[in-house]
Amino acid sequence: MNRRILLSTVAVVVVVAMLLGVPLLLSAWRIVEEFTREDMKVRLDQMATEVLSQQGQEGLIQGRLDTEPLRLVVPPGGRLEVIYPTPLDSASRASVGEQFVEQAIVESLSLGVSGSLRLEIPPDEMRAAQWQAIAVVGGLLILSIGAGSVVAQLTARRLSDPLSDVAARAARLGAGDFRPDPRRHGIPELDRVSEVLDAASVEIAERLQRERTLVGDVSHQLRSRLTAIRLRLDELAEHHDSYVVAEATEALGQVDRLSQAVDDLVRASRDHSLDDSAPLEVVDELGKLVSDWSAPFQKERRRVTLEGSPGVTARATASRLREAVSVLIDNSLRYGAGTCTIRVRNVRSSGDRREMVVVEVADEGQGIPDDIAPRIFERGFSGGGSSGVGLALARALVEADGGRMELQQRKPAVFALFVESGAEQRRGRVVHSTGGEPR
């Protein structure tokens, strides 16, 4: 930023200097020439006075002109030509100085019936004076550009440093550092931004604290209810009926996985700096999820299948990925039909050419109506009479890991989750299939 401000300001200074400097250079060149010609005119006036003073005298009446007084007024290297009348009504010529002046600067003066004067001087002295004037004006322009550059550098530093500080404060705020910064920079606009950032820091910190308190209370209540459910299931696990024992054992597994999911979500909400350094095995993680959903699909005489290549890894939080895909599977179970297919594969992002992992969830139902498709990710909106939170929550969970969720196809519905790839895909392909035959 400092460099951009400096270059733009220097460019403006140079342009202004050129716009003013070129006319000044031309004016200096012409002014020197005008001064030279004015000096020649003054000399001609002096010579004319001398010539007129000799009129009526004996020498000029006899046709002779005394040129010695005129020689003193002629510049060195110059030439004066005098045309004057004689008593016989004829014109006579007299010259003073050099015989010939190369590339001469000429000024003349008419004396009416008394004659005329023509003064020629060499241009060397005038050209030297002109170049000296150009050098002086050019030096002043260079000094003005240098001074403007210094002022531009100071101004750029005065603007860029506070802007960098404000940008760094905004970055710290985005990273979770909500400490106010009392520094001000003496620039009203930037100081106003700093005050707004301070107020936003306090407000965000208070809201996060309230949300964390709420999350803690909700998680405590959930754990209490899950513990009560587990105690009841433990009692059922000791039943004499083997079918009841099998169902109770399966339910206990569901309770354990739900408790783990609650713990993961609470931990992720409290500490955003947690980063699963080890890439997540997507197919293995979703394979467990498909097993959990097998029973509900069997009851509906449907299947849920998982297709993907072994070794596909993603940099994502396991609990967030499971919950996001669970929302899509649940929607397929409620509103879809036929086989629910989950496909995992690697793709190359068209924007920045990053390698991504895409998880597609599709079924064979009627799909999403065109009139509600643009709003299905809006929180609180539902086309099926539900709360309208599921898809919005799923998208938020995916975006929390730096990914995105899209509706790729409306009829039949195909949802896609994109997350950053964690490793190169290994060769091979595996297909998991659970559930009964599709109806």
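Residues numbered from 1 in each chain as written. Predicted model: local features only at pLDDT ≥ 70, side-chain atom pairs only at ≥ 80, totals over all residues. Heavy atoms only, no water.

A few words on the overall build of the protein. The helix and strand tally for the protein stands at ten helices and twelve strands. Of all intrachain contacts in the protein linking residues separated by at least 6 positions in sequence, the fraction that spans at least 24 positions is 68%. Accessible area of the protein: about 26100 Å², with a carbon and sulfur share of 55%. (Helix = DSSP H or I, 4+ residues; strand = E, 2+ residues; numbered from the N terminus. Contact = heavy atoms within 4.5 Å. Areas by Shrake-Rupley, 256 points an atom, 1.4 Å probe, with all protein chains shown as cover.)

In terms of strand pairing, strand β10 (residues 404-409) meets strand β11 (residues 414-420) through five bridges, oriented antiparallel. Opposite Arg404, over in β11, you have Phe418 as the bridge partner. Counting the residues between successive antiparallel strands, the hairpin from β10 to β11 contains four residues. (Pairing = 2+ DSSP bridges.)

With that out of the way, let us pick up the packing of helix α9 (residues 318-335) against helix α10 (residues 390-400). Between α9 and α10, the least distance of the axes is 9 Å, while the angle of their chain directions is 155 degrees. Classified by the angle their axes make, α9 and α10 are roughly antiparallel. Pair α9 / α10 crosses with left-handed handedness. Across the interface between the two elements, Arg320, Glu323, Ala324, Val327, Leu328 and Asn331 of α9 pack against Gly390, Leu391, Ala394, Leu397, Val398 and Ala400 of α10. Of the residues in the contact of α9 with α10, the class split is eight nonpolar, two polar and two charged. (Axes fitted to C-alpha atoms, helices over the stretch in contact; angles between N-to-C directions. Parallel < 35°, antiparallel > 145°, perpendicular 65-115°, else oblique. Left-handed = near helix turned anticlockwise from the far one by under 90°. Nonpolar A, V, L, I, M, F, W, Y, C, P; charged D, E, K, R; others polar.)

The next thing to look at is the packing of helix α7 (residues 282-292) against α9. Where α7 meets α9, the axes come as close as 10 Å, and the angle between the chain directions of the two elements is 50 degrees. Relative to α9, the element α7 lies oblique. Our pair here, α7 against α9, has a crossing hand that is right-handed. Every residue of α9 that contacts α7 at Val282, Glu285, Leu286 and Leu289 is listed here: Ala318, Leu321, Arg322, Val325, Ser326 and Ile329. Tallied by class, residues from the contact of α7 with α9 come to seven nonpolar, one polar and two charged.

This next bit is on the pattern of salt bridges. In total, this model carries 15 salt bridges according to the counting rule given. Between Arg37 and Glu107 there is a salt bridge, and its shortest N-O distance comes to 2.9 Å. With Arg37 in helix α1 (residues 2-54) and Glu107 in strand β3 (residues 105-110), the pair connects residues that are 70 residues apart, well separated along the chain. As a salt-bridge pair, Arg375 and Glu378 come within 3.1 Å of each other at their nearest N and O atoms. (Salt bridge = Lys/Arg side-chain N within 4 Å of Asp/Glu carboxyl O.)

Attention now goes to the UniProt feature "transmembrane region" (unreviewed entry) in the protein. Per the UniProt record, "transmembrane region" (unreviewed entry) is found at residues 6-32 and 133-154. Helix makes up 100% of residues 133-154 and strand makes up 0%, while its end C-alpha atoms are separated by 32 Å. (UniProt positions renumbered as here; feature names shortened; annotations may be inferred.)

As a further point, take α7. The buried fraction of α7 amounts to eight of the eleven residues, a majority that puts the element mostly inside the structure. Of the residues making up α7, those classed as buried are Val282, Val283, Glu285, Leu286, Gly287, Leu289, Val290 and Asp292. (Buried < 20%, exposed > 50% of the residue type's maximum accessible area, 1.4 Å probe, protein only.)

Moving on to the environment of Arg184. Along the polypeptide, Arg184 turns up in the loop between α4 (124-174) and α5 (188-237). Placed ten residues apart in sequence, Arg184 and Ser194 show a C-alpha to C-alpha distance of 7.4 Å.

Of all hydrophobic cores here, the largest spans 40 residues; its most connected members are Leu286, Val325, Ile342, Val344 and Leu417. Ranked by the residues each element gives to this core, the list is headed by α9, at eight residues. Setting aside anything within four residues of it in sequence, one finds Val325 in contact with Leu286, Leu289, Ile342, Val359, Val361 and Leu417. (Core = buried A, V, L, I, M, F, W, Y, C linked by side-chain atoms within 4.5 Å.)

Turning next to the pairing of strand β9 (residues 355-362). Burial of β9 is extensive: eight of the eight residues sit out of reach of the surface. Alternating residues of β9 divide into Glu355, Val357, Val359 and Val361 and Met356, Val358, Glu360 and Ala362, and every residue in both groups is buried. Pairing of strand β8 (residues 340-348) with β9, which is carried by eight bridges, proceeds in the antiparallel orientation. The partner of Asn346 across the bridge, within β9, is Val357.

To continue, consider the packing of aromatic side chains. Counting across every chain of the model gives two aromatic pairs. The interplanar angle of 80 degrees and the centroid separation of 5.2 Å between the aromatic rings of Trp29 and Trp131 together place this pair among those described as edge-to-face. Remark: Trp131 occurs in helix α4 and Trp29 occurs in helix α1; sequence separation between them is 102 residues. Judged by its relative accessible area of 26%, Trp29 falls in the partly exposed class. The class of Trp131 is exposed, set by a relative accessible area of 55%. Where Phe377 meets Phe415, the ring centres are 6.2 Å apart and the plane angle is 85 degrees; that geometry is what we call edge-to-face. Residue Phe377 is found in the loop between β9 and α10, and its partner Phe415 is found in strand β11; the two are separated by 38 residues along the sequence. Accessibility assignment for this pair places Phe377 and Phe415 in one class, buried. (Phe/Tyr/Trp six-rings, centres within 6.5 Å; stacked < 30°, edge-to-face > 60°.)

Assessed through its relative accessible area of 13%, Glu107 is described here as buried. Side-chain polar atoms of Glu107 contact the side chain of Arg37, separated by 2.9 Å. If near-sequence neighbours (up to four positions away) are discounted, Glu107 is found in contact with Arg37, Met40, Lys41, Leu44, Leu117, Arg118 and Leu119. (Polar contact = N/O pair within 3.5 Å; in protein donor to acceptor, adjacent residues only side chain to side chain.)

In this section: unusual backbone geometry. Both trends apply: most residues other than glycine have a negative phi, and most peptide bonds are in trans. Here the residue pair Lys411 and Pro412 is connected by a cis peptide bond, since its omega of -15 degrees sits within 30 degrees of zero. Along the chain, Pro412 falls in the loop between β10 and β11. Residues other than glycine seldom take positive phi values, yet Gln103 does so here, at roughly 50 degrees. Owing to a relative accessible area of 64%, Gln103 belongs among the exposed residues under this scheme. At Arg301, a position not held by glycine, the phi torsion is positive, near 55 degrees. Tracing the backbone through its elements, the reader meets Arg301 in the loop between α8 (294-299) and β6 (303-308).

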